[in-house]
Structure formats: structure tokens, C-alpha cells
Amino acid sequence: MLYHGEILRTFEITVQELLDRSESSHPIIFQQKEGEVVTPCTSLFLILGQRLSDENDPAVLCPLTTLASRDMDALVLKTDAGHRLLARYRRTQNSSDLYQSIKHFEHASDLCPMDHPHRPAALFNLATAKLVSCQADGRYLDLDIPISVLQGVLDLRPTDHPDRPVTQLYLAIALLFRFAERGFQTDADASEELLSEVIDVCHADSHIYRAALIAIETSALHSARSIVANDLGQERSSPFMLPLSPNQLVDQAQWCLQRDDPHALDEAISLHYDALRYYNTGHACQGQLLDNLSIMLSIRFERRGNDEDLDQAIAFHREALPLFPVGHTDRSSLLNNLANQLSSRFNHWGNDEDLDQAIALSRDALALCPVGRIDRSLSLNNLASLLSSRFRHRGKDEDLDQAIALNREALALVPVGHTDRSGSLNNLANRLSSRFEHRGNAEDLNHAIALQMEALDLRPVGHIDRFLSLNNLASLLSSRFRHRGKDEDLDQAIALSREALVLVPVGHTSRSMSLNNLANQLFSRFEHRGNDEDLDHAIALLMDALAMCPVAHTDRCSSLNNLAILLFSRFNHRSNDEDLDQAIALNREVLALVPVGHTNRSKSLNNLANLLSSHYEHRGNDEDLDQAIALHREALALRPVGHTDRSSSLNHLANQLFSRFEHRGHDEDLDHAIALQMEALDLRPVGHIDRSSSLNNLANLLSSRFNHRGDGEDLDQAIALEKEALALRPVGHTNRSKSLNNLAIQLSSRFEYRGNIEDLDQAIALHRDALALRPVGHPGRPKSLYNLANRLSSRFDHRGNREDLNESQDNLRCASTLLTQHDPFQFKVHVSLATVYLSFHHSGLGGAREGEVTDSLNAAMHYFKKAANVVSAGLQPRLQASLHWVRHTRQHSHGTELEAHATSMQLLDAYMSTTASVSSRHNIMKHFSSTLAVDAASCALRSGDVCRAVELLEQGRTTIWTQMTRLRTPLDNLQTCGDRAAALTKKFRDLSSLLGKPPANYPEVTSRVDAEAKETRYRRLVKEWNGVVEEIRKIEGFSRFLLPPLFSDLQDAARGGPIIVLIASESSCDAIIVPHKQPPARISLPTNLEKLQTLVARLQRRSTPALTTVLAELWDDVVRLVVENLGRFARPASRIWWCPTSVFNFLPLHAAGQYWKDGQFLSQFYVSSYTPSLTALINARRHDRSLSVSFAAIGQNLPAGHSSTLEFVEPELELVQSLLPPPPTVSFTKITSVDATKSRALCALRDNTWLHFACHGTQNFDEPFNSAFLMRDQSLSLLDITQMDLSRHQFTFLSACETAVGNFMTPDEVIHLAAGLQFAGVKSVIGTLWSVNDSTVQRLVEAFYKKLCGDGKMNSKRAAQALHQAVHSLARDKDIPLDQRMVFTHIGI
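So, how was this worked out
- Residues numbered from 1 in each chain as written.
- Predicted model: local features only at pLDDT ≥ 70, side-chain atom pairs only at ≥ 80, totals over all residues.
- Heavy atoms only, no water.
- Helix = DSSP H or I, 4+ residues; strand = E, 2+ residues; numbered from the N terminus.
- Buried < 20%, exposed > 50% of the residue type's maximum accessible area, 1.4 Å probe, protein only.
- Areas by Shrake-Rupley, 256 points an atom, 1.4 Å probe, with all protein chains shown as cover.
- Pairing = 2+ DSSP bridges.
- Right-handed = clockwise from strand over helix to strand, strands pointing away.
- Axes fitted to C-alpha atoms, helices over the stretch in contact; angles between N-to-C directions.
- Parallel < 35°, antiparallel > 145°, perpendicular 65-115°, else oblique.
- Left-handed = near helix turned anticlockwise from the far one by under 90°.
- Contact = heavy atoms within 4.5 Å.
- Nonpolar A, V, L, I, M, F, W, Y, C, P; charged D, E, K, R; others polar.
- Patch = residues over 30% accessible without salt bridge, like charges linked within 9 Å, V, L, I, M, F, W, Y side chains within 5 Å.
- Salt bridge = Lys/Arg side-chain N within 4 Å of Asp/Glu carboxyl O.
- Lys, Arg positive; Asp, Glu negative; His and termini not counted.
- Charge placed at Lys NZ, Arg CZ, Asp CG, Glu CD.
- Phe/Tyr/Trp six-rings, centres within 6.5 Å; stacked < 30°, edge-to-face > 60°.
- Core = buried A, V, L, I, M, F, W, Y, C linked by side-chain atoms within 4.5 Å.
- Disulfide = S-S within 2.5 Å.
- Expected span 1.5 Å × (residues − 1).

Draft legend 1. Representation of the overall build of the protein chain within the structure. Scanning the protein chain from terminus to terminus reveals 55 helices and 18 strands. Here the protein chain, with 1389 residues, has 56% of them falling under the buried criterion. Surface exposure of the protein chain reaches about 59,100 Å², of which carbon and sulfur atoms provide 50%.

Draft legend 2. Structural detail: the pairing of strand E17 (residues 1324-1328). Across the five residues of E17, five count as buried, placing the element largely inside the fold. Side chains of E17 alternate between two faces, with Ser-1324, Ile-1326 and Thr-1328 and Val-1325 and Gly-1327 buried alike. Across three bridges, the pairing between strand E16 (residues 1291-1295) and E17 is parallel. Bridge pairing in E17 places Thr-1292 opposite Val-1325. Remark: the E16/helix H52 (residues 1313-1320)/E17 crossover connection has right-handed handedness.

Draft legend 3. How the structure looks around the packing of helix H19 (residues 466-484) against helix H21 (residues 511-529). Remark: H19 packs on H21, axes separated minimally by 10 Å, with the N-to-C direction vectors making an angle of 20°. Between H19 and H21, the interaxial angle falls into the category roughly parallel. Like other packed secondary-structure pairs, H19 and H21 cross with a definite hand, here left-handed. Where H19 approaches H21, its residues Phe-467, Leu-468, Asn-471, Ala-474, Ser-475, Ser-478, Phe-481 and Arg-482 are matched on the opposing element by Met-513, Ser-514, Asn-517, Gln-521, Ser-524 and His-528. A per-class count over the contact of H19 with H21 returns five nonpolar, eight polar and one charged.

Draft legend 4. A look at a negative patch on the surface. A cluster of acidic side chains, namely Asp-189, Glu-192, Glu-193, Glu-197 and Asp-200, defines a negative patch on the protein surface. Position of Glu-192 relative to the elements: it lies in helix H7 (residues 185-201).

Draft legend 5. Geometry of the packing of aromatic side chains. Considering all chains together, one arrives at 23 aromatic pairs under this definition. Their ring planes at 55° and their centres at 5.5 Å tell us that Trp-961 and Phe-1265 sit as a pair that is tilted. Linking Trp-961 in helix H42 (residues 959-966) with Phe-1265 in the loop between strand E13 (1257-1258) and strand E14 (1268-1270), this pair joins segments that are 304 residues apart in sequence. Residue Trp-961 is classed as buried on the basis of its relative accessible area, which comes to 2%. What makes Phe-1265 buried here is its relative accessible area of 3%. For the ring pair Phe-1293 and Phe-1384, a centre distance of 5.6 Å and an interplane angle of 50° mean the geometry is tilted.

Draft legend 6. Summary view of unusual backbone geometry. The amide bond that connects Pro-1223 to the next residue, Pro-1224, takes the cis arrangement and shows omega of 5°. In this fold, Pro-1224 is placed in the loop between helix H49 (1209-1219) and strand E11 (1226-1231). Notably, Ser-1142 is not glycine yet its phi reads approximately 50°, a positive angle. Considering the arrangement of structural elements, one finds Ser-1142 in the loop between strand E8 (1135-1140) and strand E9 (1167-1170). The backbone phi angle of Asp-1158 is positive, close to 65°, even though this residue is not glycine.

Draft legend 7. Broad picture of the sheet that holds E13. Read from one edge of the open sheet, three strands run E13-E14-E15, paired in antiparallel fashion. Edge strands, defined here as strands with exactly one partner in the open sheet, are E13 and strand E15 (1275-1277). The pairing of E13 with E14 spans two bridges and is antiparallel. Within E14, the position partnered with Thr-1258 by the bridge is Ala-1268.

Draft legend 8. Looking closely at the pattern of salt bridges. As enumerated under the stated definition, the model contains 65 salt bridges in all. In this structure, Asp-759 engages Arg-750 in a salt bridge whose closest nitrogen and oxygen atoms are separated by 2.9 Å. With a shortest N-O distance of 3.0 Å, Glu-1113 and Arg-1098 are connected by a salt bridge. Here the residue Glu-1113 occupies a position in helix H47 (residues 1104-1126), and Arg-1098 occupies one in helix H46 (residues 1089-1099), the gap between them amounting to 15 residues. Judged by its relative accessible area of 29%, Glu-1113 falls in the partly exposed class.

Draft legend 9. How the structure looks around the nonpolar core. Judged by nonpolar contacts, the single largest core of 155 residues is most densely connected at Ile-1059, Val-1119, Trp-1138, Phe-1269, Phe-1344 and Tyr-1345. Among the elements that make up this core, the one with the highest residue count is H47 (eleven residues). With sequence-adjacent residues up to four places away left out, Tyr-1345 is seen in contact with Phe-1191, Val-1216, Leu-1219, Leu-1220, His-1252, Phe-1291, Phe-1293 and Gly-1350.

Draft legend 10. Structural context of the state of the cysteines. As enumerated under the stated definition, the model contains zero disulfides in all. Between Cys-1255, a cysteine without a disulfide, and Cys-1297, which holds the nearest cysteine sulfur, the sulfur-to-sulfur distance is 9.1 Å.

Draft legend 11. Looking closely at helix H33 (residues 781-799). Helix length check: H33, at 19 residues, gives a terminal C-alpha distance of 27 Å against a target of 27 Å (1.5 Å per residue), a fit within 8%. Phi for Gly-800, located one or two positions after H33, is positive at around 75°.

Draft legend 12. Seen up close, the environment of Leu-805. Here Leu-805 lies in helix H34 (residues 802-818). For Leu-805, a relative accessible area of 0% puts it in the buried group. A C-alpha to C-alpha distance of 6.4 Å links Leu-805 and Leu-792, two positions 13 residues apart in sequence. Excluding residues within four positions of it along the chain, Leu-805 makes contact with Ser-793, Phe-796, Val-836, Ser-839 and Phe-840.

Okay, here's the thing in C-alpha cells:
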């Protein structure tokens, strides 16, 4: 710059610092400050010389050259005036200021003749001003003048001149301008050479270096087309560089938007920001700049998904709106732009306010475009688009109808020949397509196709929007194909999509959309014709589309979704696990991209849920199914009543609940699924495109409920619904085969229900039609083969035609070969094959083929076994199959009967372990045979394997207790086996603690979702716990950890005396004596199950004559034979233990005998105790006896809800205290009725190892875990007791009614208070079989405690002997009835 100009920098420096720098000519570099305007020359070179005036003068600093001229004052004035005017022009854009600035610079140059030292600077100022003028006025032809001047300046500034680099920079930029306009390559080459020289000589921190570097990069990127002064990156704020004019910026933006070039878009936006900073708020172009910049930011948001861009775009448009007041010709355009951006934000975040505000703005825009205005059609189309969006979001028909009306009006405003007619045709077609999808009116679809065809004709080859019309028409034809099934529609759609793809080459912003469209149509053709090439090609196209949508791209979600759908389809077609896993991973990514509040979240939730459901069906992982249901519930909550997609969510959730019903058998899942499908059907009235799907789904559910409950109304309604669905799926419809199959299944069910053979014949015909629509390669072919096979098998059973049975067998064998080994559907095929082979066996026909099992019966059992072992089918179906296997092996005395029983018991145990609530486990047990274990034992006995019989009994009985005690397994030996074992020990204990917490009988107020979440968490913990158990079994010495015990292990229960296991089954009644060391002895009993059941019934009368008869029969038929065989195992008067099963649980074995003069009875020979299982007795002996005795006596004479008082409770507590040894032998606590609350009783139970209860006791036969001791406020239930660890407890006396009575529906679970205490850890328990008299209790308690601790010693092992002696003492008193003498029993050690 020459002379004053603008003051840009000031600095201070000492003379010495200047002298130091002068020695090496170091530059002084000015670093740019934030917000500061800097010239391109931000470094200063000073060359200093030093001379002495004389010896006496100090050293002074003098310039090497001194300028002096009489024209200097004029030169300074003209130069400064030019700079001031140029600066004011940049602020105000007043062209006269620019013109005057040039005049002043011309006068200044006139004052500098050829040899003037400041001529180069004066010419540089003039060239700069002229360059700005050319740029401002668009007079690029005049660029020759500033270029020529700058070239002259460069000639005057040799290589070492400090201002040569800045001259080269400006000349290079001017040459690039000219190259951009005229395309002369010589200009570009010269510019590149100049910029390279600048880079070589300038300091890397200097402004000139950075500006040159940016110019080089920008030139290379844009091929010099878009190089302008403002492309110089960080330096755009330089006062000498004028931004592009608004019109030039529009051109720049349009050029960028035609390319998917992120850098080009960023540059265009930066140019807009620079221009916005340059043109002040009051400038006339401010509003246009805000509008342009807003649109550019909106485009960048659509491409990259950065929320800040969209929010800033909306903010800029809001800022611009006041600059376009009512009456301004562009206000309507701005309103439309702002409305579109609010609509985009609604689509992204789902905020209803944005959509409603967008519609309001669009209505305002339309009001500003009255009839006759040229842009009215644009406003009509925009408002129609927004109303259509609101329809999709809220489902209000009036929005869609109004949108169509607006589009029709818009189309009328653009007659044939109008340039915008094709766009209006396209918009109206889209609205009509939406209405077709909503209401199913074929006229709407046909009209839409006709409109799109007309639009395509108006966009011939070469038209910029032809690819859009091609895509849209292809989509509509594809829809019509799905609706009518005409191949020509689909083929034409694919051809159109291929043509569209050619028109959007790599780099085009719409290429990913075209890739997606073509892929979808190829996928439709694959579904229709089964050509693998179509599917693979479609997936390849979608992978290309996804690659064009990087993270944050707004179309990435849709690309991920589409690719996941096709990968899932390929998985269904080829069963490649990688495809399914990849599809799930893609959908998980989609869900992460649509957080809570996003409009597409519900769709993503549904998609992921559907894939997880399939993953469950393929691999049988319960967590997948539970997670799918949870995701569908969340999706449904996001689609309230009125939402257009609510019916879809209802349908999805219903399907998953039905899957869970099939897997677990919970009735509430089936009922809930039906309710959801009914609601979905109501939302899909006649004419709705998806009505047939809802009819089909609801029919299936009602049919299943009929099969489950047998209500004929459900079946009739299912058939009616399915017939309506079939009518909506004519020949050619893609889902016709599904409706044919379903209707056939329901007609077959009606045949089995009512016996009309016409139903069965029609069912077979329908199945054949369905199979014909599923040729080889169709993923549904195995199911069709299976369905047809089952119907043919049914007809064989009815008519005996061997051809039917042969065809059934062939179809099933074929279906099995089409399925993978682990496909869950193999389960159903195996079961049906087993049924077919049984039919061959029963009919005497040979069903085996060459190379297979030669016997039909063996083949049937083989397939039952295979079905029970299809892990992916789920535990409940496998358990049912194993029970069928058991039934048929027993019926045919087959050799696999024992294996079938063992498999069933193992599956039952596993199935029950997945349920957290003990009451739920008990309910499960009620639905299965209560004789499974005893039948298994009887089978083992028939084969002569007594030891195996005992093992099976132990495995299959007391299952609920066994599962609970597993969680309390001591691991003292394990944790000493190294670090890994110690870690597993800790993990086992932690998981066992979590699983052992009381779950849940869920209260009614607990939501279904919460309950399901807890159940899912429980099953996950069970799975993890099972994994730890498997790891523990790998450690040496622990290979049988928690496996069913072997007989050799069980014999340890007989350490204190032999155990008599009693078995009562339909086939036989037996006793097994289990000694400690000797082999077991089996005794066949001369009774049967019916006789024993009669004894139990007669026992209920309890009169002395009746009891005498019952006890005598029990002695003769059971106990006497056992006593006769006990001699070699136990000495007289020693202890024995009874382990009854089945009906024996309800018979007083300890009291069996002949209650008359000189009669024999058991108590004459042995001291009897009971044990629920051998394992329980082993566990009771596990811990050593505690030396200290803490004894609590708990009494409650008037519990909550009772009006009468138990008079003898308080005296009984006093009596017990008086009979116990005094402290310090016994530490005694008495809790009387006033204090005996549930919480106080629980504390006493926890803190004392010896207990005596004197209170009411109740046995709840419906919910046995609710059996309880009645306290003052609440009941102390068996469930409460099971949650406690009583492993150190020695003894409990239950002076209460009905504390040792089991449940008749599940006798082998032995669920009563006395057994519960023992399973919880109490070593010795005395309980009661029925109600007791107060007087009897007083006398027996006194006699018992005198015998137990009369010598001052406390030992729980003496309890059985003490009770035995106490009862004998009572027997001498003829006033005590027989039922009271035998009411007390002992359980435990």
C-alpha cells in the first residue's frame, strides 16, 4: 500500500532490536487476531544501515533512501482518498464510491512517471480497484485491463523485491478469473506457476503463503471454474477481496448441488457466510443472502444429517422473513422455504409443532398467491405435500383428501405445454398412491400411474428430471404388481428403474435412491419367481447405495433398513446365519440413529423386533423373543390411536405374543394377541390394502384358541375370516398360497371337530393349490408339504387309503430335507413323521423305505426322540413331544420307554427353571402328569434296574424344592481348587443370590410390560447361571456338579437307617429298601393304585372304626411286607425312614397296624420318620450340630380374621419353657400372642435354631405355597419360609393343624409347611396330618419334651425317638381317639 491508506497494524520495537534484525534481514510477521481485518501483506521487511555523522555524534538510524518530491503531497492525498472510497464501497456497495476510488487511483498513477519509485505501488492500487470493479459488475471481458496492469507491476518488482509475492498472488487470482470465464489453459498454467513461486519464497506463517496455498487447492478441486477471490479460505475477510455478488452465489450454489461433493458444498456455504458478513444488515441483498444460505444449510443437513445445519437454516429463514414484509413479491417464496425446513425437522425429530407451523406458513404463502399469480401452483403443491405428511403421521383422511384437492388445482394451473406440468403430475400421482395404500381403491392407483406416464412423456431423454419420473412410475407399477400380480407391471418397473439408474451416475446425489428402487423391484421379482440372481443383484445394489450414505447421511437409515430386509429374505431362502446376523446388526445401527423422539423410531423398533423374532425361531433363544416383544410394545406406544401405522404395530405385537404362546403356553399371551388383531382389523376396513393380512392373522389366532380350548365359535369365526381373506387374494396375488394353506388348516380342524369329510377333502384340495404356488426353491415349500402331509394322514385315518399315507410320508421326508438341521420347523416335521409311522404300524402296513429303520414302530419312536431334541423348537414343545414319546412307548412296551421318561423329566426340569415364581412352577406341574417320575421308576423296575428306579424318582420328584436348593449349594471344596474355581464360586453365589430372591407373584397393579421385563431378566440370569454350572463341571472332581445324583450317592441318605421308597403307579406298586452300603431290595406289593386311592378317601372320615380298617389294610398290603424284609437291614426298635411317592404321600404309614388285641403294628418294630426325598435327608445331615441352643417358642391364640381364641396356646408356651433345660444350656425366647406378628416370627425364625410354633396352621390346596402359620397381623407363609436360609437350624415343633399335608394335584412335589422347613434347612421337624385337639397337644408336648431333654441335653436327632415314646404313652389312654394319637409325624434326621 502506498502512503497512509488504512491503519492496519501498530507495533513497538527498540532500535537495538531493529539493528539485530537488520543483520540477517529477518521479517517481522504479524499474526492475525480474531475478528481482525488484515491486508494480504502481513509481514514487513526492514533493511537498516548504520553510519556515524562524526566522531562526536551518537549512532543514528537513517534510511538508505530518502524520498522527496514536490508532487508527494498530491500523491498521498489521491492514494488515501482512493483507499477510503474503496473501503466505503465494501461497506455500502455504493457503485459511485468504487468509481471514484478508481479515479483517485488513476490520478495517483499519473503522478508517478515511469521512473518514479512509487509507480509500482500506485499501479498495484489501481489494478486492485479495477479487479473489484470487474467482479462487482460482472464485466469479465474487462479483466484484461487489471491483468495487464498487474503484469506491468510484476515486471517493475524484481525477484528480491519484498512486494513481488503479493503482486504474483493478485495476478494469479486475476488469471484464474479469466480462465474461469474464457477457459484459456494458458491462464491456468500461468496462475499455477505464479502461485508456486509464492509458496516457494513466502514464510509458512504469512498471509500470502496461506492465501496462495488455498488458491492452489481450490483451483485443483474445481478445475478453476469456481475459483474466486473469496475461495481463499481463512483470508476471505481481507478488505481488498470482494465476495461474489448474490447472483453469482446462486450460480455457485446450483453448480455445487448438481454434484455430491462435500467440499464443494462446504465452499459454497462458506462463500455465503463471507458474503453475509460483508454485506451489512441494511444492505438490499441481505434478505436474499439469508434465504440462499438457509437453503444451502438445509441441503447439507439432508446429505449429512447434522442437526445444527437444519436449526441454523430455520433460524436464518426466520431472520430473513421480516426483510420480506407483506406485499413483498418474494415473501411467499420465503414462507414456503421456511415451511419446508420445519417439515424436514419434523421428519427428523417428530415434533408436531414443527409440522403444524409448517402447514400454517404454507397456508400463508398460498394466501399471498391468489388465482392468476404465476407461483400459485408451487404454493398449492407445497401445502399439499405438508398435509400429506400430517396424514401419514396422524391418519386423518381430511388431510389427504385436501392434499389431493390442492394437487388437482395445482395441475389445472399448469396446462399442457407448461414447464412445471410434469412436476404437478408427479405430485398428484404421489398423493393418489398414498390414498390407494390407505383405502385400497384401485382407481386411485390406476390414475396415479396414468399421471406418472404423462409426466414421463414430458421429461424426454435429456430432461434433468427424467430419472425421477422413471423411478416414480416404476414404484407405482411395482405397487400394482403387488396388488394384482401381473408380471408385465413388475418387468416394466424393473426396466424403468434400470433406465433411471443409468441417468444418475456415480457422484449424483440421487444415485442411492435409484439403487434402492431398482433393488426393491428386483426383490419383488425374486419373491414372485424365486430367481436367486435377482436377490443377489438386489443386495449388491443396496450395498452400493449404503456405501453412498456415510454415517450422519440422512438417507443412511433407509438404506440400512432396505439392506437388512433383503439380507433377511436371503437368510430365509438359504439359511445362511451370517445374513441374519448382519441384518440384525444393520437394524441395531438404524435404531441407534433414531433416538427417542425421532419420527422413524417406531419403524426401526418394529424392524429390529421382527428380525429378533426370526432369530428366535431359527435358534430358539428366549431372549430374542422377549426382546422382540418389548421392542414391539415400545413401537406400539409410539403409534397411538389415529396413527397410520398403528394397525401394523398391533399386528406385529400380536404375532410375537402368539409365538410366545406357542413356545410357553401362557393363555394370556394368546388372548392378548387376539385382542390386538381385532383392533388391527377394525383399523383396516373393507377396501384397505392390508385387510387381507389382518383377516388371515386373526383367523390363525382364533383357530389356535380353538385347538387350545375347543370353543367351536372360535373355529367358525376363523373360517369365515379366512374365506374373506382368500377372496381378497385372487389368482396371482403374492400371498394367495398363505391364505389357501390357512383356510385348509381350519377346515381340517373343523373336520376333526365335527367329522364332515367334505371339509377334509376341501382342505386337501386347498393345500395342493397352495403347494403349486410354492415351487422348488420357494421358502414356504417345506411348510406347504408339511400341511398337505398332515391332511393326507388325517384322511388315511378316516378312510384307510394307503396312497394317502404314502404321499404323506413322502411329503414329510421331502420337507425335512429342505430344512436345515437346526431349523425349528424340523420339530413339527419330526412329530408328524412319528405320527405317520405309527399309522403304518397300527394299520399293519410297512412304512419303511430301503436303507431306513425297517420297523415302523421303531421309526415312530426314532422321530419322537428327534423332535424332543430339536433345541431351537423351545422347551415347552419339546417337553410335549417327549411326553407323547413316553405315552406311545408305554402303550407299545417299546424299548425306549426308560429313555423317553428320562428325557421328559430333564426337559420338565429345564422348562420349570425358566420361571421365576414358585407358584408359576407349581401351576406348570399341574398341567403335566403327576405320575411321570413314578411311571419312570416302574419302567426301570420292570427292566430289573432297581438302582435306576431310585435315581429316576429322585430326579423327577420334588422338582420345585430341588431347583430352589440348587441355589444354596455349598461350595467350600470348589473355592479351594485355584483362582478360576474361586472366581466361578463367586459368580455362582452371586447369580444364585439374584435368582433366589423372591420374584414375583406379580401384583395386579404391575404392568404386563414390567412383568415381562422381570421374566426376561430372570431367564437371562438362568442362562448365565447354567453357563457357570457347565464351567464348574469342567473342573476336576466336579464333573457331576448339580447333576441328578447316582444311586451310590443317594445311599448316603441311609446312614442312620434304611429308607423305604414306596412307588404307586398304574402298572405296579412296589417298595424299595435302600440301605447304606448293601444293594437295594425290591418288594412287590399286593395292592394297586385304585386300592390305595380308596384308602386315602376312606381316611378322610377319621372315625376310629374307619381308621382301624384303613390302617389294618395298609399294614397287610404294604407295611407288613416291608417289615418282614427289614430284618437284614435294621435291628428291631431302630429307626427307619419312609420316602413315599404318589398316593402313598397321603397315607399314615407310621401308624399302620392292627389296632385290636394282640394285633401287630409298625411302631412295635421300628421308629418311623419321613423324608420328602433322599437328597433332602442328605442335606439335613450336612452341617454339624450346634453346641449352643437358642430356642424360641412362638404362640398366637387369636390371629387376624379369627373370632375364637385358642385357649391352650399361652399355657403351652409356659409348659415348653418349663420342660427345657435352663440357661446356659438353652437360651429361651418366648413370643406370646400379643407380640406374635409376622415380622416378629420371621425374626425369631432367623435368630433361633430351635423353634416351637403353637398357633393355627392352614394348608392351601390351590396355592400350596400360601399355606401358612397364622399370626396376629399377617400369615407367615410357606413362601416366606422358602426364602430363608435355615441350614444351621436343628429342630422345629409345629403344634398347629395341617402342617404335613401335601397337595393332591402334585403329590410328588411334597409342598407343605413341615417339608418346606426341612428343605429350607431345618434338620428335624414334627408336623401334623390334620387338626389336633388342644388337650391332646398339651399332653403330647409334655411327654415329648420330657423324652427329648429330660436329662438336660438337647439333640435334634433324638426327636423321632422322643415322639415315638410320647405317642406310645398316649396310646395307653383310651380317652384319646386314634386319629389324635397318629396325627403327629416326624420329618428329617
